[in-house]
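# Structural overview
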Amino acid sequence: MPLLPSFLRPKQPQPQPQTTYFLSSPPPNFPLRPIPPPGSPRVIPQSNLIFSLTHPPPHTSEPTLFFLQCVPDPIGFLYHSSSFIQQRLSLDNTHSIEWRHQLIQLELEEKDGLAATSGGRIGVSLRWVEGIMRSVRDGERDMKGATREFKGVLLHELVHTIQHDGQSTCPGWLTESIADYIRLLAQLGPEHWRKSGSGRTNRGWEDGYDIGARFIEWLTGSTPKIQEESSSLGSQIPTQDALTSPTKTSVEGAVHTQYPNALPSNDLPPFEKIHKGRREQDRPGPFPDLIRLIDSRLKYERWDDIWWNELTGKSLEELWDCYLRYYGRSE
């Protein structure tokens, strides 16, 4: 019997994406345990997070397999990152945390773009993952670089599920700049990010992302520290070595990545040494709690540009001008 043309053959059913759920437990309990699909996250204390991971079966999706080779335990990474982010956004680091979104959904999906977040859902493009996979095969980058890129994007998108936006009134450039600023603190920024002092002289802050992250770093006087005491939240985001070389343990039938209780190491000289000789006396601040204060106000208030004056004593335009002059740039 002759074979039918391909367009007349019955289509084979495609494997459905698989979803797993995990519940976080506050310290000192074990941080994650697998759970069945939750009926309603609201029955769980607000200090706990529920995570879900949805992706195509790795044996049918090569980009999915590659992503999971680079990030073997993305939910474990998100859990530790949520603690890291919360400490840098919140003025209140007690155990009674009220997360903006209690259910964090991570999905690897076929779509254009890179990644996007809506509510508590983070969608990562498998087409983008495939592009990175090909660049590794072509020798343009290594697996460690791919891992760093994936984790940096996951961290950035996770910030969006945790930060407050003042009922959608926070300027988009600031929202994206804060996310990249926290990525910068975690030392997960890619090499192609622009350096401090970059940006247009006229309203350059509006470019956001890495430009805004460097601006916020300057305003807060922040650089990752070599050592920092652990907070009451316990486990933190791991060092870069641990990020790329996790260890695994089996708990309740599930494999989880265990990270050390440490913050990222710092291979840069202290902030004041990097800019030795610059006009430090003309620099406003620094304002180490600036982002925490902004986020705390955005939880209850609508954004207003006057906040810059209230929190720093200068307008945004004045702060940007000081920033550029600090790095030897002026109109």
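Residues numbered from 1 in each chain as written. Predicted model: local features only at pLDDT ≥ 70, side-chain atom pairs only at ≥ 80, totals over all residues. Heavy atoms only, no water.

By the naming in an unreviewed UniProt entry, the chain is Peptidase of plants and bacteria-domain-containing protein, taken from Kwoniella bestiolae CBS 10118.

## A short note on helix α5 (residues 172–185)
Under the 1.5 Å per step criterion, the end-to-end length of α5 is 20 Å for 14 residues, consistent within 8% with the ideal 20 Å. Across the 14 residues of α5, 13 count as buried, placing the element largely inside the fold. Remark: Q187 follows α5 within two positions and exhibits a positive phi of approximately 55 degrees. (Helix = DSSP H or I, 4+ residues; strand = E, 2+ residues; numbered from the N terminus. Expected span 1.5 Å × (residues − 1). Buried < 20%, exposed > 50% of the residue type's maximum accessible area, 1.4 Å probe, protein only.)

## Examining the packing of helix α6 (residues 209–220) against helix α11 (residues 316–326)
Following both chains from N to C, one finds α6 and α11 inclined at 90 degrees, their axes separated by 11 Å at the closest point. Taken together, α6 and α11 sit at an angle that is classed as roughly perpendicular. In this structure, α6 contributes I211, R214, F215, W218 and L219 to the contact, and α11 contributes L316, L319, W320, C322, Y323 and Y326. Class assignment for the residues of the contact of α6 with α11 results in ten nonpolar, no polar and one charged. (Axes fitted to C-alpha atoms, helices over the stretch in contact; angles between N-to-C directions. Parallel < 35°, antiparallel > 145°, perpendicular 65-115°, else oblique. Contact = heavy atoms within 4.5 Å. Nonpolar A, V, L, I, M, F, W, Y, C, P; charged D, E, K, R; others polar.)

## Quick word on the packing of helix α2 (residues 74–89) against α5
Packing of α2 against α5 leaves a shortest axis separation of 11 Å and a crossing angle of 115 degrees. Regarding α2 and α5, the two cross each other, and that crossing is right-handed. Here F84, I85, R88 and L89 of α2 lie close against α5, whose contacting residues are I178, I182 and L185. Each residue belonging to the contact of α2 with α5 can be placed in one class, and the counts come to six nonpolar, no polar and one charged. (Left-handed = near helix turned anticlockwise from the far one by under 90°.)

## Observations regarding the packing of aromatic side chains
On inspection of all chains with the given rule, the structure shows 14 aromatic pairs. Relative to Y323, the ring of F215 has its centre 5.1 Å away and its plane inclined at 55 degrees; by these criteria the two rings are tilted. Of this pair, F215 sits in helix α6 while Y323 sits in helix α11, placing them 108 residues apart in sequence. Judged by its relative accessible area of 0%, F215 is buried. Between W218 and Y323, the ring centres sit 5.4 Å apart and the planes meet at 55 degrees, which makes this aromatic pair tilted. Of this pair, W218 sits in helix α6 while Y323 is found in helix α11, placing the two residues 105 residues apart along the sequence. Among the aromatic residues, those joined into a ring-pair cluster are W205, F215, W218, W320, Y323, Y326 and Y327. The ring of F84 has R88 lying over it, and the distance from NZ or CZ to the ring centre is 3.8 Å. Over the face of the ring belonging to Y326 we find R283, whose NZ or CZ atom lies 5.6 Å from the ring centre. (Phe/Tyr/Trp six-rings, centres within 6.5 Å; stacked < 30°, edge-to-face > 60°. Lys NZ or Arg CZ within 6 Å of the ring centre and 35° of its normal.)

## Observations concerning the nonpolar core
By size, the foremost hydrophobic cluster in this structure holds 70 residues, and its most contacted members are F51, F66, F150, L174, F215 and W308. Looking at which element gives the most residues to this core, the answer is helix α4 (residues 143–162), with eight residues. Counting contributing residues, this core receives three or more from each of domain 1 (16–25 + 47–162) and domain 2 (169–222 + 272–330). Look past the residues within four positions of F51 in its chain and what remains in contact with it is T20, Y21, F22, S24, L32, I75, L78, Y79, S82 and I104. Core analysis: the next-biggest nonpolar cluster, separate from the first, contains five residues, Y21, L23, I44 and I50 among them. (Core = buried A, V, L, I, M, F, W, Y, C linked by side-chain atoms within 4.5 Å. Domains from an automatic or database assignment.)

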